[in-house]
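Observations on the model geometry
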Amino acid sequence: MNSEAVAKPGKIRRLLNGIEETILCLLLIAMMSVACLQIALRSFFSTGLLWADPLIQQLVLWSGLLGAAMATAKGKHIALDLVTYLVPKRLQPSILLLSHLLSALTTTALVYAAWVFLANEITYGSTGLFTLPSWVWNLVFPLAFTMIALRYCIALCQDLGTVIHHHRKDRR
């Protein structure tokens, strides 16, 4: 296999991370801009924009969930890893494998629930902000949970390779 083929997954991952970071920055800029405009309008002109508060709520939701996906990608998500300090070093890859397996299963269940929720929104939902259907604003749920689940599945595959490698090494 040539080095160019090996480098492609890393390049793709960096490109996706860059896109995520750009989207999150744009969401944050939009959120802060609308919030500051709303504060200024209320403070100086005793008025405001009717759509500003619901838009800020949506931007917070989107940035929170996409930020969670990004944190998962970088391994900076909240983790309760007390067990890794209690077990011997040689068992830690197996514990990490189990942790990623449970996380992958949980987030896969969340993906399913998010798609069911979205299907119900498409069928029964109302018109949301800016006359867009409510389901458009709720696309973030299946999108973010799918991203998180895929990342845990990738980590699971990597952990499986590590555990197999360690197992083979120990048998020698």
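Scroll up a little and you will see the structure.
A brief look at the structure comes next. In this text, all values refer to a predicted model and were calculated from it rather than measured experimentally.

1. As for unusual backbone geometry
- Of note in this structure, S46 is not a glycine but carries a positive phi near 50 degrees.
- Structurally, S46 can be placed in the loop between helix 1 (3-45) and helix 2 (52-73).
- For T131, which is not glycine, the phi dihedral falls at a positive 60 degrees.
- One can find T131 in the loop between helix 4 (92-124) and helix 5 (134-137).

2. Here we look at the packing of aromatic side chains
- Taken as a whole and assessed by the stated rule, the structure comprises 3 aromatic pairs.
- Plain terms: the ring middles of W51 and F130 are 5.4 Å apart, the flat faces sit at 50 degrees to each other, and that makes the pair tilted. Remark: F130 occurs in the loop between helix 4 and helix 5 and W51 occurs in the loop between helix 1 and helix 2; sequence separation between them is 79 residues.
- Judged by its relative accessible area of 42%, F130 falls in the partly exposed class.
- Look at F117 and F141: their rings are 5.8 Å apart centre to centre, the planes differ by 90 degrees, and that puts the pair in the edge-to-face class. Placement of F117 in helix 4 and of F141 in helix 6 (residues 140-171) is noted, with a sequence separation of 24 residues between them.
- Chaining the aromatic ring pairs together yields one cluster made of W51, F130 and W137.

3. Notes on the pattern of salt bridges
- Using the criterion set out here, one finds 3 salt bridges in the structure.
- Between R151 and E20 there is a salt bridge, with the nearest N and O atoms lying 2.9 Å from each other. Here E20 lies in helix 1 and R151 lies in helix 6, a separation of 131 residues in the sequence.
- Using a relative accessible area of 11% as the deciding quantity, one classes E20 as buried.
- Taking the shortest distance from any N to any O, the salt bridge between R42 and D53 comes out at 2.7 Å. Here the residue R42 occupies a position in helix 1, and D53 occupies one in helix 2, the gap between them amounting to 11 residues.
- R42 gets classed as partly exposed once you look at its relative accessible area, which sits at 46%.

Each value, and the rule that gives it
- Residues numbered from 1 in each chain as written.
- Predicted model: local features only at pLDDT ≥ 70, side-chain atom pairs only at ≥ 80, totals over all residues.
- Heavy atoms only, no water.
- Helix = DSSP H or I, 4+ residues; strand = E, 2+ residues; numbered from the N terminus.
- Phe/Tyr/Trp six-rings, centres within 6.5 Å; stacked < 30°, edge-to-face > 60°.
- Buried < 20%, exposed > 50% of the residue type's maximum accessible area, 1.4 Å probe, protein only.
- Salt bridge = Lys/Arg side-chain N within 4 Å of Asp/Glu carboxyl O.

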